[in-house]
Each structure stands twice: as C-alpha cells, then as structure tokens.
Amino acid sequence: MTNADFWFDPACPFAWITSRWILEVEKVRDIEVTWHIMSLAYLNQDKDISAEYREFLSTAWQPVRVLMAAEQKYGKEVLLPLYTAMGTRIHIEKQAKDRDLIEAALADAGLDLSLADAMDDASYDDAIAASHEAGMSQVGNEVGTPTIAFEGRAFFGPVISKAPRGEDAGRMWDAFVTLSKYEHFYELKRSRTEDLDFS
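Residues numbered from 1 in each chain as written. Predicted model: local features only at pLDDT ≥ 70, side-chain atom pairs only at ≥ 80, totals over all residues. Heavy atoms only, no water.

The chain carries the name DsbA family protein in an unreviewed UniProt entry, which gives Nocardioides caricicola as its organism.

Right, dumping it as structure tokens:
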C-alpha cells in the first residue's frame, strides 16, 4: 500500500481535476490518499499578482476556513466528502463561493451547518498556514496546488485538463511514480492548448 498525501484548495480548478484522477487511481492501484488543506490566498497574499487573480482570491479564504473548522471538529476523514461537495458546486455547477454554497456542501457531507460561521473567522488561518506549509515546504513556494507527496518525494502536479479514468488513470500514476524515483527529476511542462474539462 502506498500512502499519498494530497494538498488542495477547493477554489483551484487544476487541483479539482487532479483530485478526481487520484480518486480513480485509488480504484485501480494499491494507494490510499490522505487529504490536506492548502490556501492559494495565503500562498499569494504578498505576491505581485494581477487584479483579476486578486479578485479570484477574494473569496478563497472562506472555503478553506470551513474545511479547517470541519477537520478540527471531525478529523481528516471529512475533508474529502466536504471537498467533493464544495468542488462540485464551484467547478461543475459554477456557483458563487458564498454562504449558500458552503451550507449546501456541509449538508451534502452530513456536517454541522454552523461550521459555515468559520467562513469569516480568521482564527483558523494559523492552522491553515501550518497545513499549507507542511505541503509547500516539500516542493517550494513557486508552485501551489495540486501537490502530492508519497514515499519521501513530493511534486506539484500533475496538471491535467481532464481526469483519465480506470486503467488510464492507473497508467498515468505508474508513470508519475517512475519519474519521481529519479532524485534529480524536477519538471515536465508544455503550454496548455485546451479548456479544462470537468466531466
């Protein structure tokens, strides 16, 4: 059994697609994923970013605060169902990241709706930062989410525009593992030429 740690921000479309891939991998390979919170808002708070991206991040703290409140109340096992409920609304249904979305996601995950109060509670930010740093310290702050760590190695990515299913997902995992075993391997990249496909 391979234990893989996955850091995500529910606002990130790339993390969402990669998360759906690794859930497929769990079905066809002997791996188990532990989910961890990271924050794009925290990552970029002191960076020179575009006004458009700054606007995108203006609603990014709220979902991660609720995720941290849920983790602190119930444990890490609630992160995946709550992430899936949030991500479905954010990325598939294109809902606004507001209290209505948060409460509906909490209901779907069978969690206390009062956790939505954490949206604007900055007292969770230190715990979010600690979870974030546990992942990013392994890969460097010039990257973000998705970040996956396993067997003493960690990487940003893979960044994909559509999640493979079944054995295709397994083969991509095999390739990911093979590349990671070479200690001097850092990056594969090309320009993306197609829109993201959340199906």
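From this point, things continue past the structure.
Chemist: Give a description of the pairing of strand β1 (residues 2-8) that names residues and reports values.
Modeler: In terms of residue burial, β1 counts as a mostly covered element, since five of its seven residues are buried. Note that β1 and strand β2 (residues 31-37) share seven bridges and pair parallel. Note that in β2 the partner of Phe-6 across the bridge is Trp-35. For the crossover from β1 across helix α1 (residues 13-28) to β2, the handedness is right-handed. With four bridges connecting them, β1 and strand β3 (residues 147-150) associate as antiparallel partners. Of the residues in β3, the one forming a bridge with Phe-6 is Ile-148. (Buried < 20%, exposed > 50% of the residue type's maximum accessible area, 1.4 Å probe, protein only. Helix = DSSP H or I, 4+ residues; strand = E, 2+ residues; numbered from the N terminus. Pairing = 2+ DSSP bridges. Right-handed = clockwise from strand over helix to strand, strands pointing away.)

Chemist: So what's going on with the sheet that holds β3? Which residues, and what values?
Modeler: With mixed pairing, four strands are arranged side by side in an open sheet as β2-β1-β3-β4. The two strands at the open ends of the sheet, each matched to only one other strand, are β2 and β4 (153-156). Neighbouring strand axes in the sheet, compared pairwise and without regard to direction, differ in orientation by 20 degrees on average. Taken together, the four bridges between β3 and β4 define a ladder with antiparallel strand orientation. Bridging from a neighbouring strand, Ile-148 pairs with Phe-155 of β4. (Axes fitted to C-alpha atoms, helices over the stretch in contact; angles between N-to-C directions.)

Chemist: Help me get a handle on unusual backbone geometry, residues and values and all.
Modeler: Here the bond from Thr-145 into Pro-146 is cis, since omega is 10 degrees, no more than 30 degrees from zero. The residue Pro-146 is located in the loop between α7 (125-136) and β3 in this model. Cis geometry is adopted by the peptide bond preceding Pro-158, which originates at Gly-157 and carries an omega value of 5 degrees. The backbone of Lys-94 shows a phi angle near 60 degrees, a positive value even though the residue is not glycine. Non-glycine residue Glu-151 carries a positive phi angle of around 50 degrees.

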